[in-house]
Amino acid sequence: MKFKGGSKTPVVVVEIGNDWLKILEYNPSQGRGCVSCASLVKLVKIKEPVTEAISKAFKTLKLSREGVVVCIPRHLVTIRIIEFPSTDPHEIKDMVTLQVGKQTPYSREEIIFSYRLIRVEREEYTKIMLVIARRNIVNARVEALQKAGIGVEKVTVSSEGVYCWFNVVAKQLLDKDAQGIILLDVDSNFSDFMVVHNDQFSYTRNILIGANHLFEEGEKWKDKFVDEAAHSLELYHNEERNVRIEKIFLSGAGRHINGLDNALSEHLGLPVEVLDPFEN
């Protein structure tokens, strides 16, 4: 999700998850840019159709109904990191089209896919991040906004949103020579393990443990969460053996889980910094 270069117009992002409706307005004209207003509501507390709840939230917050970004939660998409023997954009596009059917059990008619270039890996090789979503999941969210009279400009995945947020508000926390860092974003029912390498969003893995698990049975799930984070790091190093990870940034609901930062630091042997997504 890249906002238009030089634009000072606020951007509204809507995420309809399994248990939360999240609506945020990002204002690029305020300092480095910030979330200027937000509505975060549990779906079980909404006693009306979601379309009506969205429309009311837009009216209450006085949000623009044009150019809205729909965000799909990370656990509802499939993401693959693939290397292709080409640096030509047209060839890579053709290769992705041929490869996508091998990465999902669904037919081409049932999915929507896109990709981003990560980097040229070595001479004549390019690494890409392929994102695949079921068409019905995307359509349901887009149609809910359209029925509320809201114009959708683009659809993105929550991982990209976390990466953009980190770039805007927290990148200055990095050492200038830092090679690789982990962004570990804790949501309600899942978490997103992400790696940023040389300023590029280059890896993501879904962890099916979130704040709900960690609040209800903290010690039991905390150990499993830490093990999953360690396993995610191991899988990343299997693909990128020469990348040195220097730090973990814990975001989302992670700051509310007592001792999670210390447990991660001790088990993974890395410093952990807790970030407040609503700071400033």
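Computed from a predicted model, the values in this text were never measured in an experiment.

### As for the overall build of the chain
- The helix and strand tally for the chain stands at 7 helices and 13 strands.
- In terms of C-alpha radius of gyration, the chain reaches 19 Å, essentially the compact-globule figure of 19 Å for 280 residues.
- Along the first, second and third principal axes, the C-alpha atoms of the chain reach 50 × 50 × 40 Å.
- Counting only residues that meet the buried cut, the chain has 46% of its 280 residues in that class.
- Taking the contacts inside the chain whose residues are at least 6 apart along the sequence as the reference set, 60% of them involve residues at least 24 apart.
- Charged side chains of the chain number 36 positive and 39 negative; the gap between the two group centres comes to 5 Å.

### Side note on the layout of surface pockets
- Here the second largest pocket defines a volume of roughly 460 Å³.
- Around the second largest pocket, the lining is made up of 21 residues, and of these Ser114, Val131, Val155, Thr156 and Val157 lie nearest the centre.
- Only strand E6 (111-122), strand E7 (125-134) and strand E8 (152-157) provide two or more residues apiece to the lining of the second largest pocket.
- Among the elements that line the lining of the second largest pocket, the one with the most residues is E6, at 6 residues.
- Split into classes, the residues belonging to the lining of the second largest pocket amount to 14 nonpolar, 3 polar and 4 charged.

Definitions and limits used
Residues numbered from 1 in each chain as written. Predicted model: local features only at pLDDT ≥ 70, side-chain atom pairs only at ≥ 80, totals over all residues. Heavy atoms only, no water. Helix = DSSP H or I, 4+ residues; strand = E, 2+ residues; numbered from the N terminus. Rg over C-alpha atoms; globule rule 2.2 N^0.38 Å. Buried < 20%, exposed > 50% of the residue type's maximum accessible area, 1.4 Å probe, protein only. Contact = heavy atoms within 4.5 Å. Lys, Arg positive; Asp, Glu negative; His and termini not counted. Charge placed at Lys NZ, Arg CZ, Asp CG, Glu CD. 1 Å grid on protein atoms, 1.4 Å probe; cavity = no way out; pocket = protein on both sides within 12 Å on 5 of 7 lines; lining within 4 Å. Points joined across faces, edges and corners; volume = space filled by probe spheres on them. Nonpolar A, V, L, I, M, F, W, Y, C, P; charged D, E, K, R; others polar.

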